[in-house]
Amino acid sequence: MATGGASVASLWTEVNRCGQNGDYTRALKALTKILHENRDDVTALHCKIVCLTQNGSFKEALNVMNTHSKVLGSEVVFEKAYCEYRLNRVESSLKTIEAAAEQTDKLKELYGQVLYRLERYSECKSVYTDLIRNSQDEYEEERKTNLAAVLAAMNDLFLCYNTACALIGQGQLTEAFNKLQQAEELCRVSLADDSDVTEEDIESELAVIHSQMAYVMQLQGRTEEALQLYNQVIKLKPSDVGLLAVTANNIITINKDQNVFDSKKKVKLTNAEGVEYKLARKQLQAIDLNKALLAMYTNQADQCRKLSSNLQSQNPGQPRPVLIQVAQLCREKQHSRAIELLQEFSDQHPERASGIKLVMAQLYLVQGHVTKACDVLRSIEEFKHKLGMISALVTMYSHEEDIDGAIDVFKQAIEHYQSQQPGSAAHLALVREAANFKLKYGRKKEAISDLEQLWKQNTNDIHTLAQLISAYSLVDTDKAKSLSKHLPSADAMSFNVDVDELENSHGATNVRKKAAKVPGENLPKEQGQVDIKKKRKKKKGKLPKNCDPKATPDPERWLTMRERSYYRGKKKGKKKEQIGKGTQGATAGASAELDASKTASSPPNSPRPGSASGSSSAPAGGSSNVVPPRQQKPAASGATRKKVPQKKKKGGKGGW
């Protein structure tokens, strides 16, 4: 035991030394060992709570107080209220302070802070006034500063700002913006009197008002102006981490899926230390939702799922985290899994299932399951009998050629309006559309009851009466005849219309006017007189170019060139030899004929050109090889022969 006592004493010495040096982490280690020896040591527990508070571990400190509440009792009222205040549980902190048996000075200080946060300025003023009068210590200047802040809050500046915030909540954006402008002007005037305040200081003080003005602009759709004002606030780098987080979050909402790089930079400002203690729970949830959306836009699927799942666990009945998960699944083409997730939420929270079911129907339509989409839409009681929903359902059923389903939708809607709003414009419009739909699809018998209801509402409606008679003509001809008596007479329905004047009017188009009558045109013809028809002159057909009409046409001209009897085929390689060789205007063949060296060394069987007299000769020992006349003709006597290109015949039907 002596050893244990000595050990505990040394641990307390360590705690005291660490507390004086501000090393609360090491002090906590020593206190943990002390509490291991005696877990109900009130002093050790109190010291541990103080160390945790100094390290900013407010939740852990509250847990220690709640766990050992019976042992600690009222020893840690201030610490408990302070931790609740720092965790933004202002109402809980107020209750803890008001329930305290004794109001110490430090508890009154905290009470003033809580009242200020709750904007109960009159009570807060009384608390600080009492503290300044009845206490004398080193915190007197700090109390006076706080009192000045309270008095300023009671001024017109804060009234304008708070009124603007209330107007924003009511949706009166123009009035709210005007109030914010007034607050800005009052702030500038109040700070202009102080010579030590610079323009930069004034802009820093106005940052909150400017951020709120930008928010109003964003709600009004003036996103460019709002973005510019938001960025001005960010550049000032205000010390309020809550203001920075809200401003950065609003910039992210403007960027959406565009300018993702800028959004990734701005999202870091929302993670600053102490943000969770500056903002309300609703604001923190909005920031977390936007973080999840940004993760989805940047293709960080795992991060998106993690953030949205955390949000859903914190708020099980909130549909937005589920919708973000569904959107991520759709980006991954997992539509079936997305529908399952929506169905699970709809079953667990039927009171918030309307919007979820609309998304589910949309996903079914994307997959091509129109009938399933219709079933989901018809299960939404809130929208079931809305005219827009009825129109959508009828359109989808018609697309699926399910006419009975569409008629059933009309029937249920008409019954609803018949019981809730009989004779209303919506009721009669539905009856009219139902009748027209049935007539369109040949359901005249089923349209009779709707048409009768419409005609009873307005017996002067001739169009409805005509439709009713047409429908009865298939079912009850006697009824159709009796109803036809209500039709107006032909004289009553005729109109004095001048057809010629109507055709000649300014707006008439595509009117075929009759030719003017010639006098004597319709005179009776004499006996034996015969109408003489004018004969049209036939134009002579055009002959092909260079055609000699006197020459006998080629009997094989209708055949292709290859099928004619005189076709001998093409000479291969002939053109190839003649292109690009020899001097300008001469051919390769002609050059070879004039080259004496080539003539002397030519092979024995090579054909030779004929003489000037037109005869052909062959060398001894060789066979005669005369060039056909159509390819080579003798030149004039004593002149060099030149090859003349032949004119080719046209293939196909024509001939020369």
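Residues numbered from 1 in each chain as written. Predicted model: local features only at pLDDT ≥ 70, side-chain atom pairs only at ≥ 80, totals over all residues. Heavy atoms only, no water.

- Under an unreviewed UniProt entry, the name given to the protein is Signal recognition particle subunit SRP72, and the organism recorded is Scophthalmus maximus.
- Per UniProt, the comment on the protein under Function (unreviewed entry) is "Component of the signal recognition particle (SRP) complex, a ribonucleoprotein complex that mediates the cotranslational targeting of secretory and membrane proteins to the endoplasmic reticulum (ER)." (UniProt positions renumbered as here; feature names shortened; annotations may be inferred.)

Let's talk about the confidence of the model for the protein
Thinking step 1. Model confidence for the protein is summarised by a mean pLDDT of 79, while 79% of its residues fall at 70 or above.
Thinking step 2. For the stretch residues 598–656, pLDDT sits under 50, and the model shows 56 contacts to residues farther than four places along the chain or on other chains. (pLDDT = per-residue confidence, 0-100. Contact = heavy atoms within 4.5 Å.)

Brief notes about unusual backbone geometry
Thinking step 1. A positive phi is found at Asn 299, a non-glycine position, where the angle reads about 60°.
Thinking step 2. Residue position: Asn 299 is located in the loop between α19 (281–297) and α20 (301–314).
Thinking step 3. Judged by its relative accessible area of 61%, Asn 299 is exposed.
Thinking step 4. Even without a glycine there, the phi angle at Glu 401 is positive, about 60°.
Thinking step 5. As for its placement among the helices and strands, Glu 401 is situated in the loop between α25 (387–399) and α26 (403–420).
Thinking step 6. With relative accessibility at 70%, the residue Glu 401 sits in the exposed group. (Helix = DSSP H or I, 4+ residues; strand = E, 2+ residues; numbered from the N terminus. Buried < 20%, exposed > 50% of the residue type's maximum accessible area, 1.4 Å probe, protein only.)

Re the packing of α26 against helix α27 (residues 425–440)
Thinking step 1. Direction vectors running N to C along α26 and α27 enclose 160°, while the axes themselves pass 9 Å from each other. Compared by their axis directions, α26 and α27 come out roughly antiparallel. For the crossing formed where α26 meets α27, the hand is left-handed. Taken together, the residues of α27 that come into contact with α26 (itself represented by Ile 403, Ala 406, Ile 407, Phe 410, Ala 413, Ile 414, Tyr 417 and Gln 418) are Ala 426, His 427, Leu 430, Val 431, Glu 433, Ala 434, Phe 437 and Lys 438.
Thinking step 2. Its residues assigned to classes, the contact of α26 with α27 comprises 12 nonpolar, 2 polar and 2 charged. (Axes fitted to C-alpha atoms, helices over the stretch in contact; angles between N-to-C directions. Parallel < 35°, antiparallel > 145°, perpendicular 65-115°, else oblique. Left-handed = near helix turned anticlockwise from the far one by under 90°. Nonpolar A, V, L, I, M, F, W, Y, C, P; charged D, E, K, R; others polar.)

Observations regarding helix α7 (residues 90–98)
Spacing of three or four residues puts side chains on the same side of an α-helix, whose turn is 3.6 residues.
Thinking step 1. For α7, the complete set of buried residues consists of Val 90, Ser 93, Leu 94, Thr 96 and Ile 97. Each buried residue of α7 lies within a common arc of 165° when the element is viewed along its axis, so the set occupies one face. (Arc of directions from axis to C-beta.)

A word on empty space enclosed by the protein
Thinking step 1. All chains considered together, the criterion is met by 1 cavity of 30 Å³ or more.
Thinking step 2. Taken together, Arg 378, Lys 384, His 385, Ile 390, Leu 393, Val 409, Gln 412 and Ala 413 form the lining of the largest cavity.
Thinking step 3. Where the lining of the largest cavity is concerned, the elements lending two or more residues are α25 and α26.
Thinking step 4. Per element, the largest residue contribution to the lining of the largest cavity is 3 residues, and it comes from α26.
Thinking step 5. Along the lines of polarity and charge, the residues of the lining of the largest cavity split into 4 nonpolar, 2 polar and 2 charged. (1 Å grid on protein atoms, 1.4 Å probe; cavity = no way out; pocket = protein on both sides within 12 Å on 5 of 7 lines; lining within 4 Å. Points joined across faces, edges and corners; volume = space filled by probe spheres on them.)

Points about the packing of aromatic side chains
Thinking step 1. Evaluated as defined, the whole model comprises 6 aromatic pairs.
Thinking step 2. Here Tyr 116 and Tyr 121 contribute two aromatic rings whose centre-to-centre distance is 5.7 Å and whose plane-to-plane angle is 65°, an arrangement assigned as edge-to-face.
Thinking step 3. The exposure class assigned to Tyr 116 is partly exposed, which follows from its relative accessible area of 29%.
Thinking step 4. Where Phe 410 meets Phe 437, the ring centres are 5.8 Å apart and the plane angle is 50°; that geometry is what we call tilted. Of this pair, Phe 410 sits in helix α26 while Phe 437 sits in helix α27, placing them 27 residues apart in sequence.
Thinking step 5. The exposure class assigned to Phe 410 is buried, which follows from its relative accessible area of 6%.
Thinking step 6. One aromatic cluster is present, built from ring pairs that chain together Phe 58, Phe 78, Tyr 82 and Tyr 277. (Phe/Tyr/Trp six-rings, centres within 6.5 Å; stacked < 30°, edge-to-face > 60°.)

Remarks on a negative patch on the surface
Thinking step 1. A cluster of acidic residues, Asp 498, Asp 500, Glu 501 and Glu 503, forms a negative patch on the protein surface.
Thinking step 2. On the secondary structure map, Glu 501 appears in helix α32 (residues 499–503). (Patch = residues over 30% accessible without salt bridge, like charges linked within 9 Å, V, L, I, M, F, W, Y side chains within 5 Å. Areas by Shrake-Rupley, 256 points an atom, 1.4 Å probe, with all protein chains shown as cover. Salt bridge = Lys/Arg side-chain N within 4 Å of Asp/Glu carboxyl O. Lys, Arg positive; Asp, Glu negative; His and termini not counted. Charge placed at Lys NZ, Arg CZ, Asp CG, Glu CD.)

Some remarks on the UniProt feature "repeat: TPR" (unreviewed entry) in the protein
Thinking step 1. Look at the UniProt record and you will see "repeat: TPR" (unreviewed entry) annotated at residues 207–240.
Thinking step 2. In residues 207–240, the share of helix is 79% and the share of strand is 0%. The end C-alpha atoms are 10 Å apart.

Some thoughts on the packing of helix α9 (residues 121–134) against helix α10 (residues 140–153)
Thinking step 1. Their axes nearest at 9 Å, the elements α9 and α10 cross at an angle of 155°. As judged from the angle between their axes, α9 and α10 are roughly antiparallel. Helix-helix and strand crossings are classified by hand; for α9 and α10 the assignment is left-handed. Between α9 and α10, the residues in contact are Tyr 121, Cys 124, Lys 125, Tyr 128, Thr 129, Leu 131 and Ile 132 and Arg 143, Lys 144, Asn 146, Leu 147, Val 150, Leu 151 and Ala 153, respectively.
Thinking step 2. Grouping the constituent residues of the contact of α9 with α10 by class yields 9 nonpolar, 2 polar and 3 charged.

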